Amino acid sequence: MPRPIVASISISALQHNLAVARAHAPNARAWGVVKANAYGHGLERAMRGFAAADGLALIEVDYAVRLRELGWTKPILLLEGFFDAADLPLLAAHDIQFAVHCEEQIALLEGFETKAGLHAHLKMNSGMNRLGFKPEAYRAAFERLGRIASIRSVTMMTHFANADDAGNPGLALEEQVKRFNAGTAGLDAPRSLCNSAGDLLHAELAFDWVRPGIMLYGGTPGGGSAADFGLRPAMTLESEIIGVQDIAPGEAVGYGSRFVADKPMKVGVVACGYADGYPRHAPNGTPVVVDGVKTGTVGRVSMDMLAVDLTHIPGARVGSRVLLWGEGLPVDEVAFAAGTIGYELMCALAPRVAVREVA
Ligand SMILES: *Cc1c(COP(=O)(O)O)cnc(C)c1O
């Protein structure tokens, strides 16, 4: 018997969410962002779910090559570009496009000879201060790339820190747009600015390409709930009750005895722990649904198990169905309780969890 924990991945939810992304940016082409094993959903599955995307974008060079081997013929983009000179022949051979965010990458391109045509996405650091050229250095980088014989196209790209919170006092969205416009003034090339939050909330910035990620999986990028945006959860994580304990007031549950009962309680033990990807930092009361009834966790999450309060679910017993997140319990709700974001929970789904594909 396998452990009863299963993640169901809905292909129709992936398709639906891509259609939502497109509907918000009808004039842009859409990259389906599939980094981190498609946010935990499986690269090959996401490739099929996003068959209607204009391209797939990711971080991992080996997974980009894998997409070609799996038969993806449309564009592929490496969002952080290449990491090493040895990556370049692979990118040329498999027609993989790449971000260029630093001088070192340009120098490697200048030293690389190929008959293949390469497509670069020149990244501007418009204020987030992760990757990219400063606005004042952008034009020079653009022109330097343009002088490399193998470079066939350059797309102008930047990334927003606060597309879900445009007025953020640390860096307003408007300020990033202003810097991007200043740094690209007079340059004639396609523009790629929006992640999910940009796509959903700032249609006016969805120029030639958009780069939705989390929304495609049915998670919110912030600025509203996934359901408000009409998104459907693509991943549903379920397990079962594998043990039940009736405990008296004063008795504690789990490691560290973090939870102590203040009344007689029925506690269910669920086959799901942090080694499955459930957040260990989930506090008491993190939402869980048992037999369709909402309840909460009690005590620390351990490697293979967590405990839930069944006191008010008299019918619950060994074998009862437990919904950890997904259809019926938004991953964002669980993430919020645990002090994180839905992205992290989805990406952390562990390889040992069985995955079932559903329509
Ligand atoms: C991950 C990523 C995205 C997608 O972001 P979401 O918030 O998941 O939509 C877009 N662009 C870049 C450069 C990224 O790294």
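Residues numbered from 1 in each chain as written. Predicted model: local features only at pLDDT ≥ 70, side-chain atom pairs only at ≥ 80, totals over all residues. Heavy atoms only, no water.

Engineer: Just give me the short version of the overall build of the protein chain, but keep the residues and values in it.
Structural biologist: Within the protein chain, the secondary structure is distributed over 11 helices and 18 strands. In the protein chain, which comprises 359 residues, the proportion classed as buried is 53%. Of the roughly 15200 Å² that the protein chain leaves accessible, carbon and sulfur atoms contribute 54%. Once the 32 positive and 38 negative side-chain charges of the protein chain are each reduced to a mean point, those two points are 2 Å apart. (Helix = DSSP H or I, 4+ residues; strand = E, 2+ residues; numbered from the N terminus. Buried < 20%, exposed > 50% of the residue type's maximum accessible area, 1.4 Å probe, protein only. Areas by Shrake-Rupley, 256 points an atom, 1.4 Å probe, with all protein chains shown as cover. Lys, Arg positive; Asp, Glu negative; His and termini not counted. Charge placed at Lys NZ, Arg CZ, Asp CG, Glu CD.)

Engineer: Got a sec to walk through helix H8 (residues 173-184)? Specific residues and values, please.
Structural biologist: Between its terminal C-alpha atoms H8 stretches 17 Å, which fits the 16 Å expected from 12 residues at 1.5 Å a residue. Within H8 the residues assigned to the buried category are Leu173, Gln176, Val177, Phe180, Gly183 and Thr184. Looking straight down H8, one finds its buried side chains confined to an arc of 135°; they lie on one side. Facing away from the buried surface of H8 by more than 90 degrees, the exposed residues are Glu174, Lys178 and Ala182. In this structure, the buried residues of H8 make contact with strand E6 (118-124), helix H7 (135-146), strand E7 (151-158) and strand E8 (191-194). Looking one or two places after H8, you find Gly186, whose phi comes out positive at around 85°. (Expected span 1.5 Å × (residues − 1). Arc of directions from axis to C-beta. Contact = heavy atoms within 4.5 Å.)

Engineer: Tell me about the sheet that holds strand E5 (residues 97-100), and please be specific about residues and values.
Structural biologist: Pairing within the closed barrel is parallel, and its eight strands lie in the order E2-E3-E4-E5-E6-E7-E8-E9. Of the strand pairs in this sheet, strand E2 (residues 29-33) and strand E9 (residues 209-210) are connected by two bridges, and their pairing is parallel. If you follow Ala30 over to E9, its bridge partner there is Val210. Packed onto the sheet, helix H6 (residues 103-110) meets E5, E6 and E7 and runs at close to 135° relative to E5. (Pairing = 2+ DSSP bridges. Axes fitted to C-alpha atoms, helices over the stretch in contact; angles between N-to-C directions.)

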